[in-house]
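What the coordinates show
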Amino acid sequence: MMKQYPRYVSVILDVAVDKALDYGVPEKLVDAAVRGSRVAVPVRGHLRYGYILEVKDSCSYPRVVPIHDVISSDAVITEELFEVALWLSKYYCSSLRQALKTIIPSTIRRGFSHKEQLFVKRNASRDALRKVCEEYRNKHSSQSEVLDVMLRVKKGIFLSELMELAMVSRSPIDSLVKRGHLSCDVVRVDRSPLVGVEYFKTKAKVLNDEQSSSFSAISKTLDDKAFATHLIYGVTGRGKTEVYLQAIQRALDMGRGAIMLVPEISLTAQTIERFKSRFSDTIAILHHRLSHGERYDEWHKILTGEARIVIGARSAIFSPVKDLGLIIVDEEHESSYKQEDEAPCYHARDVAVMRGSMSGAAVVLGSATPSLESFYNAQQGKYHLHTLHSRHNSATMPVVTIVDMKESRKRTHGSEFSAELLDGIKKRYDSGEQSLLFLNRRGYHTAQMCKTCGHVMGCENCDVAMTYHRKSNMLSCHLCGNTIVPPPRSCPECGSSDSLHYRGVGTEKIESALHAIFPEIRTIRLDADTTRHKGSHEKLLRDFRNGKADVLIGTQMIAKGLHFPEITLVGVLNSDMTLNMPDFRSSEQAFQLITQVSGRSGRGVVAGEVILQTYLPTNSTILHASRQDYTGFYGEEISSREIFEYPPFSQMVKISFSGAEEKATLSSAESFRKELLRRLPRGFKVHPVTPTGHAKVKNRYRFHFLVRGPSIFTLNDAINASKKDFPSQKKCSLLINISPQTTFF
Ligand code: ADP
Ligand code: ZN
Ligand code: ZN
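Quick notes on the rules
- Residues numbered from 1 in each chain as written.
- Chains lettered and ligands numbered in written order.
- Predicted model: local features only at pLDDT ≥ 70, side-chain atom pairs only at ≥ 80, totals over all residues.
- Heavy atoms only, no water.
- Pairing = 2+ DSSP bridges.
- Helix = DSSP H or I, 4+ residues; strand = E, 2+ residues; numbered from the N terminus.
- Axes fitted to C-alpha atoms, helices over the stretch in contact; angles between N-to-C directions.
- Contact = heavy atoms within 4.5 Å.
- Donors = N, O, S within 2.8 Å, 3.2 Å for Na, K, Ca; no water.
- Buried < 20%, exposed > 50% of the residue type's maximum accessible area, 1.4 Å probe, protein only.
- Tetrahedral: all angles 85-135°; square planar, octahedral: opposite > 155°, others 65-115°.
- Near = heavy atom within 4 Å.
- Polar contact = N/O pair within 3.5 Å; in protein donor to acceptor, adjacent residues only side chain to side chain.
- Expected span 1.5 Å × (residues − 1).
- Salt bridge = Lys/Arg side-chain N within 4 Å of Asp/Glu carboxyl O.
- Core = buried A, V, L, I, M, F, W, Y, C linked by side-chain atoms within 4.5 Å.
- Right-handed = clockwise from strand over helix to strand, strands pointing away.
- pLDDT = per-residue confidence, 0-100.
- Phe/Tyr/Trp six-rings, centres within 6.5 Å; stacked < 30°, edge-to-face > 60°.
- Disulfide = S-S within 2.5 Å.

1. Looking at the sheet that holds strand S11 (residues 282–286)
Across the sheet, which stays open at both edges, the seven strands sit in the order S11-S12-S10-S13-S14-S9-S15 with parallel pairing between neighbours. Each having just a single partner strand, S11 and strand S15 (384–388) make up the two edges of the open sheet. This sheet shows a mean twist of 20° between the axes of neighbouring strands, independent of strand direction. The sheet contact formed by strand S9 (residues 228–234) and strand S14 (residues 362–367) spans six bridges and is parallel. Opposite Ala228, over in S14, you have Ala362 as the bridge partner. Each of S11 and strand S12 (307–312) touches helix H11 (residues 292–303); the most contacted strand, S11, lies at about 135° to it.

2. Describing the coordination of the zinc ion (ligand 3)
For the zinc ion (ligand 3), the full set of protein donor atoms is Cys459 (SG), Cys462 (SG), Cys477 (SG) and Cys480 (SG), at a range of 2.2 to 2.3 Å. Exposure remark for Cys459: the relative accessible area of 6% places this residue in the buried category.

3. Remarks on the sheet that holds strand S5 (residues 69–70)
In any sheet, the strands associate via hydrogen bonds between backbone groups, in a parallel or an antiparallel arrangement. Pairing is antiparallel in the open sheet, where five strands are placed in the order S2-S1-S4-S3-S5. Two strands close off the open sheet at either side, each with one partner strand: strand S2 (21–25) and S5. Where strand S3 (residues 38–43) lies against S5, two bridges are found, and the strand directions are antiparallel. In the sheet register, Ala40 faces S5, and the bridge partner there is Asp69. The sheet strands contacting helix H2 (residues 96–103) are strand S1 (7–13) and strand S4 (46–56), and the helix crosses S1 at an angle near 80°.

4. Focus on the coordination of the zinc ion (ligand 2)
Any two of four tetrahedral donors ideally make an angle of 109.5 degrees at the metal, while pairs among six octahedral donors ideally make 90 or 180 degrees. Within the first shell, the zinc ion (ligand 2) binds the protein through Cys450 (SG), Cys453 (SG), Cys491 (SG) and Cys494 (SG), at distances of 2.3 to 2.4 Å. Between the four donor atoms coordinating the zinc ion (ligand 2), the angles at the centre fall across 108 to 112°, so the site counts as tetrahedral. Sequence positions of the donors to the zinc ion (ligand 2) reduce to the motif C-x2-C-x37-C-x2-C. Its relative accessible area of 1% is what places Cys450 among the buried residues.

5. Focus on the site of ligand 1
Taken together, 14 residues are adjacent to ligand 1, and Val206, Gln211, Gly237, Thr241 and Arg274 come closest. Within the backbone of Arg238, one N or O atom sits 3.4 Å away from an oxygen atom of ligand 1. A distance of 2.4 Å is found between an oxygen atom of ligand 1 and a side-chain nitrogen or oxygen belonging to Thr241.

6. What about helix H4 (residues 126–139)?
Between its first and last C-alpha atoms H4 spans 20 Å; for 14 residues at 1.5 Å apiece the expected length is 20 Å, and the two agree. Looking at H4, one finds that the buried residues are Leu129, Val132, Cys133 and Tyr136.

7. Comments concerning the pattern of salt bridges
Within this structure, the stated rule accounts for 36 salt bridges. Measuring nitrogen to oxygen at the nearest pair gives 2.9 Å for the salt bridge that ties Asp223 to Arg250. Taken together, the residues Asp223 in helix H8 (residues 209–223) and Arg250 in helix H9 (residues 240–253) connect sequence positions 27 residues apart. By relative accessible area, Asp223 is classed as partly exposed at 40%. Note on Arg250: relative accessible area 29%, which makes it partly exposed. For Lys539, the salt bridge is made with Asp543, and the minimal N-O distance between the two is 2.8 Å. With a gap of four residues between them, Lys539 and Asp543 both fall in helix H17 (residues 536–545), about one helical turn apart. By relative accessible area, Asp543 is classed as buried at 11%. Among the charged side chains, a network of salt bridges with common partners joins Arg35, Glu79 and Glu83.

8. Here we look at unusual backbone geometry
Following Val485, the chain continues into Pro486 via a peptide bond in cis, with omega recorded as -15°. Along the polypeptide, Pro486 turns up in the loop between strand S21 (483–484) and strand S22 (500–505). Cis geometry is adopted by the peptide bond preceding Pro648, which originates at Pro647 and carries an omega value of 5°. Mapping Pro648 onto the fold places it in the loop between helix H20 (630–644) and strand S27 (651–659). Positive phi outside glycine occurs at Glu645, with the angle close to 55°. Its place among the elements puts Glu645 in the loop between H20 and S27.

9. A few points about the nonpolar core
Of all hydrophobic cores here, the largest spans 104 residues; its most connected members are Leu88, Ile103, Ile317, Ile655, Leu676 and Phe705. The leading source of residues in this core is helix H1 (residues 79–91), at seven residues. What Phe705 contacts, discounting residues up to four positions off in sequence, is Val653, Lys654, Ile655, Phe657, Ala669, Phe672, Arg673, Leu676, Val686, His687, Pro688 and Val689. Counting residues in hydrophobic clusters, the runner-up holds 28 residues, among them Ile232, Ile283, Ile311 and Ile328.

10. Side note on the environment of Asp430
Position of Asp430 among the secondary structure elements: in helix H15 (residues 419–430). Classification of Asp430 as exposed rests on a relative accessible area of 53%. The sequence separation of Asp430 and Asp550 amounts to 120 residues, and the corresponding C-alpha distance is 9.9 Å.

11. Let's talk about the pairing of strand S23 (residues 523–526)
On S23, burial covers both faces: Thr523 and Arg525 on one face and Ile524 and Leu526 on the other are all buried. The pairing of S23 with strand S24 (residues 551–554) spans four bridges and is classified as parallel. From the neighbouring strand, Leu526 faces S24, where its bridge partner is Gly554. Taking the sense of rotation as the criterion, the β-α-β connection linking S23, H17 and S24 turns out right-handed.

12. Concerning the side chain of Arg585
Tracing the backbone shows Arg585 in the loop between strand S25 (567–572) and helix H18 (586–598). What makes Arg585 buried here is its relative accessible area of 4%. The contact partners of Arg585, leaving out residues within four places of it in the chain, are Glu373, Arg641, Ser739, Pro740 and Gln741.

13. A word on the confidence of the model for the chain
In the predicted model, the chain carries a mean pLDDT of 89, and the fraction of residues at 70 or more is 93%. At the level of individual helices and strands, the chain shows its lowest average pLDDT in helix H3 (residues 106–109), which scores 70, and its highest in helix H13 (residues 372–379), which scores 98.

14. Looking at the packing of aromatic side chains
Evaluation of the coordinates by the stated rule reveals 21 aromatic pairs. Here Tyr233 and Phe375 contribute two aromatic rings whose centre-to-centre distance is 5.8 Å and whose plane-to-plane angle is 80°, an arrangement assigned as edge-to-face. Taken together, the residues Tyr233 in strand S9 and Phe375 in helix H13 connect sequence positions 142 residues apart. Since its relative accessible area comes to 12%, Tyr233 is described here as buried.

15. What about the state of the cysteines?
Enumeration over the complete set of coordinates arrives at zero disulfides. Of the cysteine sulfurs around Cys345, a residue in no disulfide, the closest is that of Cys93, at 10 Å.

16. Some points on the environment of Gln741
Mapped onto the fold, Gln741 is located in the segment after strand S31 (732–738). Classification of Gln741 as buried rests on a relative accessible area of 9%. In this structure, the C-alpha to C-alpha distance between Gln741 and Arg585, residues 156 residues apart in sequence, is 7.6 Å. Dropping the residues within four chain positions of it, Gln741 is found in contact with Ser335, Lys338, Glu340, His347, Asp583, Arg585 and Gln589.

Shown next, in the form of structure tokens:
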């Protein structure tokens, strides 16, 4: 055909069109239009945005039109990350559009302005605004949502954050500015979360023999500019982080960059400080609490090469680091590295290994309780295993006591605290040491129930019991946030009054029960309820470290990575919680959690003690965890995985369906399952369709089924083919989850 344009491109649009569309490139845009650059193109008379997937010399589509403009001069997404996107979409059965959306933060996609931001302030007194807010409540509800937020902020707030918090578009804010209630001005800021913080510099430590041998193996991979994966296995406090620090230094010395992933929950000031104080280089920090502006700045620092070290949670694996030499995944077993509720359901550790192999980088995974998959890979010789045995400080392993709660409750008339635990807490209190109490449930009581008819107060939108919170005197749904204030006095089912009672305990109840026993004791509670506000998490931890409390009570938030030398007692109130979950990973998760919580004890000079309360005192997972015996646990668990053909001995996929109509959703799931069965060769097991652990969430019914088999790519192909034929009904949504972390929910 005739050549109309000097160059052609195929473009992946942001909007839901999964096919790439072809456009011509006019002469003046030829230089700017490279693979990965962001472009504006006409689609049926509207301007739409997307990325250049490919640049080519010809185009077979006869009526091709030109691109409108190239938005960013340099590629928003590097060639390397483009390859990652292609792999992501293939491996995790998602569209390329979704993969790109995952990789590039929305602030970058939207071309968020550089360093200059609009800052919104109150233009009248709080009292005056409160009146306006109430007045607008019904007529201009979005304006009153904006005022609700404005009444809470200190001095003011960035426009983008305000829009996000109030969940409104820009127009209600503009109206309020026009009416003189608010003001909005341009400010210039450096939004880096670390600006203005000074750190004492620390020097590299002389490595012990085990550290040195892992360090030199990693260095060798770096020097060879090759790809290899190293697994460092060592109980907390054995010096993994020191090896990470020196490996990063090595990569920097070679002029290469490094990504360090840590679980969101352990991305605390303490962790950041440890890294900041070692390197004079700029470090970019990425986590989900950043504002749009902060994220934009951090991302640009990485893209321009100003920051060669990135520390971040899950999605930091997609940072556009230049000449990437090293990727570290600390606590590689953490389930928060897996995106579970949105496509692509990627695992940052697995992406790390893939990205390492694509860019010829060294990958280092570290854990005190490696995931079964990673340890198995090490056993198979796919990863290099390095074990750190010796402890660095003088602290010894904690002494662990297992308490049989069935017996204990008989003696204490049903108390949540065993005599052993109370003795332990008292002893620590008397000698000025600190204790930590762990319970995996927040709230006061975990359910409200009718004694007469057995009815449990459930959420009207979800299939779950509502939790009672005493401070706010309400029932709340932890899935959708629905609340009932105050809780009902009589049973909505059978009408009887005085028959409602509460069951199950959460952290709030444990705190008040402890005060009832020891009125003098000072406690700090750390859970999702006490850490709502930005900065409160850090503040509570700081207070505890500064000795403002004797006991720290909390959920898994306190289990990870914290270093408190003064804690000499750890009490796990109910060690069995995760064990009772019908999931093939439940033993693994219980083992990891108990081992980690126990590891919080005795990290200073005084030896620590751990008390595990359990109803299953002879359960082998609990016994292995109480001895911190990872290899014993691994040996037992891996053989049971092998017998039942669970990962790592098979590939697993969970396919979930959700929709507003129960029957229609179920039948979609059934018909998809039939399609898949038809396409899969022998050797693949397709489980039956079942309602998920929460059969209804936010008024949507949920069903799923599992598929297991020997090859992931055969599975991918069959799924993709079935997806094509699957009538894309708006009513029912489909989520493909490759290697799911949980098979129950
Ligand atoms: P992990 O990351 O395995 O929990 P860390 O690297 O944090 O272990 O080490 C625990 C403590 O031991 C830290 O205070 C660290 O500074 C110290 N440490 C680690 N390696 C050495 C070393 N080779 N020489 C002296 N102290 C060390
Ligand atoms: Zn009743
Ligand atoms: Zn709900």
